[in-house]
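A structural walkthrough
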Amino acid sequence: MQLTSFTDYGLRALMYLAMLPPGELTSITVVTEKYGVSRHHMVKIIHRMSQVGYVEAVRGKNGGIRLGKPATSIVVGDVIRALEPLQVVNCGTDNCHITPACRLKSAIANALDAFLAEMDKHTLHDMVSGNDDLHRLLIPVRPA
(Lines give C-alpha, C1' and ligand atoms only; values in the text may rest on other atoms or scores of the structure.)
Protein backbone atom coordinates (compact mmCIF):
# COMPACT_ATOMS: atom_id res chain seq x y z
CA MET A 1 0.00 0.00 0.00
CA GLN A 2 1.26 3.46 -0.81
CA LEU A 3 0.05 6.44 1.19
CA THR A 4 -0.72 9.70 -0.57
CA SER A 5 1.76 12.52 -0.08
CA PHE A 6 -0.97 14.28 1.92
CA THR A 7 -0.96 11.51 4.55
CA ASP A 8 2.80 11.00 4.34
CA TYR A 9 3.54 14.65 5.06
CA GLY A 10 0.76 14.77 7.63
CA LEU A 11 2.47 12.01 9.59
CA ARG A 12 5.85 13.71 9.17
CA ALA A 13 4.43 17.03 10.39
CA LEU A 14 2.98 15.31 13.45
CA MET A 15 6.33 13.67 14.18
CA TYR A 16 8.02 17.07 14.02
CA LEU A 17 5.45 18.61 16.33
CA ALA A 18 5.82 15.69 18.74
CA MET A 19 9.58 16.31 18.95
CA LEU A 20 9.04 19.85 20.23
CA PRO A 21 8.85 20.55 23.96
CA PRO A 22 5.23 20.18 25.17
CA GLY A 23 3.12 23.19 24.25
CA GLU A 24 5.82 24.85 22.13
CA LEU A 25 4.53 26.55 19.02
CA THR A 26 6.12 26.46 15.59
CA SER A 27 5.02 27.68 12.20
CA ILE A 28 3.82 25.97 9.07
CA THR A 29 6.79 27.58 7.33
CA VAL A 30 9.23 25.81 9.63
CA VAL A 31 7.55 22.45 9.04
CA THR A 32 7.49 23.12 5.30
CA GLU A 33 11.21 23.88 5.28
CA LYS A 34 12.04 20.76 7.34
CA TYR A 35 10.50 18.50 4.71
CA GLY A 36 10.94 20.48 1.50
CA VAL A 37 7.27 20.39 0.59
CA SER A 38 5.26 23.28 -0.81
CA ARG A 39 3.77 25.64 1.75
CA HIS A 40 0.39 25.48 -0.01
CA HIS A 41 0.32 21.68 0.36
CA MET A 42 1.35 21.85 4.03
CA VAL A 43 -1.30 24.51 4.78
CA LYS A 44 -3.98 22.12 3.49
CA ILE A 45 -2.54 19.24 5.53
CA ILE A 46 -2.32 21.27 8.75
CA HIS A 47 -5.83 22.63 8.20
CA ARG A 48 -7.24 19.11 7.88
CA MET A 49 -5.32 17.88 10.92
CA SER A 50 -6.60 20.82 12.95
CA GLN A 51 -10.16 19.95 11.91
CA VAL A 52 -9.78 16.46 13.36
CA GLY A 53 -7.92 17.62 16.47
CA TYR A 54 -4.38 16.38 15.85
CA VAL A 55 -3.02 19.92 15.48
CA GLU A 56 -3.94 23.06 17.36
CA ALA A 57 -3.60 26.31 15.45
CA VAL A 58 -3.10 29.39 17.62
CA ARG A 59 -3.93 32.69 15.95
CA GLY A 60 -2.33 36.03 16.56
CA LYS A 61 1.05 37.70 16.63
CA ASN A 62 2.61 34.99 18.79
CA GLY A 63 0.58 32.20 17.22
CA GLY A 64 1.59 29.04 15.46
CA ILE A 65 0.85 25.34 15.50
CA ARG A 66 1.40 22.54 17.98
CA LEU A 67 0.03 19.11 18.74
CA GLY A 68 -3.66 19.21 19.53
CA LYS A 69 -3.45 16.28 21.92
CA PRO A 70 -0.69 14.29 23.60
CA ALA A 71 1.45 12.15 21.29
CA THR A 72 0.58 9.13 23.45
CA SER A 73 -3.07 9.46 22.42
CA ILE A 74 -2.48 9.89 18.67
CA VAL A 75 -2.79 6.46 17.08
CA VAL A 76 -1.07 6.21 13.70
CA GLY A 77 -3.90 4.12 12.23
CA ASP A 78 -6.43 6.79 13.21
CA VAL A 79 -4.33 9.49 11.54
CA ILE A 80 -4.21 7.44 8.35
CA ARG A 81 -7.99 6.92 8.45
CA ALA A 82 -8.51 10.67 8.92
CA LEU A 83 -6.20 11.73 6.09
CA GLU A 84 -6.10 8.93 3.55
CA PRO A 85 -8.78 8.13 0.98
CA LEU A 86 -8.90 4.42 1.76
CA GLN A 87 -10.78 3.19 -1.29
CA VAL A 88 -7.98 1.19 -2.90
CA VAL A 89 -9.93 0.11 -5.97
CA ASN A 90 -13.22 1.23 -7.47
CA CYS A 91 -15.33 -1.91 -7.60
CA GLY A 92 -18.68 -0.42 -8.50
CA THR A 93 -20.58 -2.25 -11.22
CA ASP A 94 -20.51 0.96 -13.29
CA ASN A 95 -16.69 0.76 -13.39
CA CYS A 96 -16.03 -2.97 -13.55
CA HIS A 97 -18.19 -5.65 -15.11
CA ILE A 98 -16.56 -8.50 -13.14
CA THR A 99 -17.50 -7.05 -9.73
CA PRO A 100 -20.23 -9.65 -9.00
CA ALA A 101 -17.72 -12.53 -9.38
CA CYS A 102 -14.48 -10.84 -8.32
CA ARG A 103 -12.57 -12.07 -5.26
CA LEU A 104 -9.90 -9.38 -5.52
CA LYS A 105 -12.08 -6.82 -3.74
CA SER A 106 -12.30 -8.90 -0.55
CA ALA A 107 -8.59 -9.75 -0.66
CA ILE A 108 -7.73 -6.05 -0.92
CA ALA A 109 -10.16 -5.23 1.90
CA ASN A 110 -8.51 -7.88 4.09
CA ALA A 111 -5.05 -6.50 3.31
CA LEU A 112 -6.19 -2.97 4.14
CA ASP A 113 -7.70 -4.17 7.43
CA ALA A 114 -4.42 -5.91 8.32
CA PHE A 115 -2.41 -2.79 7.46
CA LEU A 116 -4.62 -0.57 9.61
CA ALA A 117 -4.62 -3.11 12.45
CA GLU A 118 -0.82 -2.92 12.49
CA MET A 119 -0.84 0.88 12.39
CA ASP A 120 -3.34 0.87 15.29
CA LYS A 121 -0.63 -0.71 17.45
CA HIS A 122 1.53 2.43 17.23
CA THR A 123 1.14 5.92 18.65
CA LEU A 124 2.88 9.07 17.58
CA HIS A 125 4.79 8.84 20.85
CA ASP A 126 6.11 5.40 19.81
CA MET A 127 7.49 6.93 16.61
CA VAL A 128 9.46 9.70 18.34
CA SER A 129 10.18 8.67 21.92
CA GLY A 130 13.85 7.95 22.48
CA ASN A 131 14.56 8.40 18.77
CA ASP A 132 17.72 10.48 19.13
CA ASP A 133 18.61 10.16 15.44
CA LEU A 134 15.25 11.64 14.45
CA HIS A 135 15.62 14.37 17.05
CA ARG A 136 19.02 15.36 15.65
CA LEU A 137 17.63 15.47 12.12
CA LEU A 138 14.54 17.53 13.00
CA ILE A 139 15.60 19.61 16.00
CA PRO A 140 19.28 20.50 15.70
CA VAL A 141 21.02 21.70 18.84
CA ARG A 142 20.86 25.47 19.07
CA PRO A 143 24.15 27.19 19.91
CA ALA A 144 24.21 28.69 23.39
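The rules behind these values
- Residues numbered from 1 in each chain as written.
- Predicted model: local features only at pLDDT ≥ 70, side-chain atom pairs only at ≥ 80, totals over all residues.
- Heavy atoms only, no water.
- UniProt positions renumbered as here; feature names shortened; annotations may be inferred.
- Core = buried A, V, L, I, M, F, W, Y, C linked by side-chain atoms within 4.5 Å.
- Buried < 20%, exposed > 50% of the residue type's maximum accessible area, 1.4 Å probe, protein only.
- Helix = DSSP H or I, 4+ residues; strand = E, 2+ residues; numbered from the N terminus.
- Axes fitted to C-alpha atoms, helices over the stretch in contact; angles between N-to-C directions.
- Parallel < 35°, antiparallel > 145°, perpendicular 65-115°, else oblique.
- Left-handed = near helix turned anticlockwise from the far one by under 90°.
- Contact = heavy atoms within 4.5 Å.
- Nonpolar A, V, L, I, M, F, W, Y, C, P; charged D, E, K, R; others polar.

Taking an unreviewed UniProt entry as the reference, the chain is identified by name as HTH-type transcriptional repressor NsrR belonging to Enterovibrio norvegicus FF-454. Comment text from UniProt for the chain, heading Cofactor (unreviewed entry), reads "[2Fe-2S] cluster".

To continue, consider the nonpolar core. Ranked by internal contacts, the top residues of the largest apolar core, which has 35 residues, are L14, Y16, M42, I46, M49 and L67. Mapped onto this core, the elements with two or more residues apiece are α1 (5-19), α2 (28-35), α3 (39-51), β2 (64-67), α4 (76-83), α5 (104-119), α6 (124-128) and α7 (132-138). It is α1 that contributes the most residues to this core, 8 residues altogether.

Quick look at the packing of α2 against α3 now. Viewed as axis vectors pointing N to C, α2 and α3 meet at an angle of 120 degrees, and their least axial separation amounts to 9 Å. Put simply, α2 runs oblique to α3. Here α2 runs over α3; the crossing is right-handed. In this structure, α2 contributes I28, T29, V31 and T32 to the contact, and α3 contributes R39, M42, V43 and I46. Split by residue class, the contact of α2 with α3 holds 5 nonpolar, 2 polar and 1 charged.

To continue, consider the packing of α1 against α2. Running from N to C, α1 and α2 cross one another at 115 degrees; their axes reach a closest spacing of 10 Å. Our classification of the angle between α1 and α2 gives roughly perpendicular. Judged by the twist between their axes, the crossing of α1 over α2 is right-handed. Seen from α1, the contacting residues are Y9, R12, A13 and Y16; seen from α2, they are V30, V31, K34 and Y35. Tallied by class, residues from the contact of α1 with α2 come to 6 nonpolar, no polar and 2 charged.

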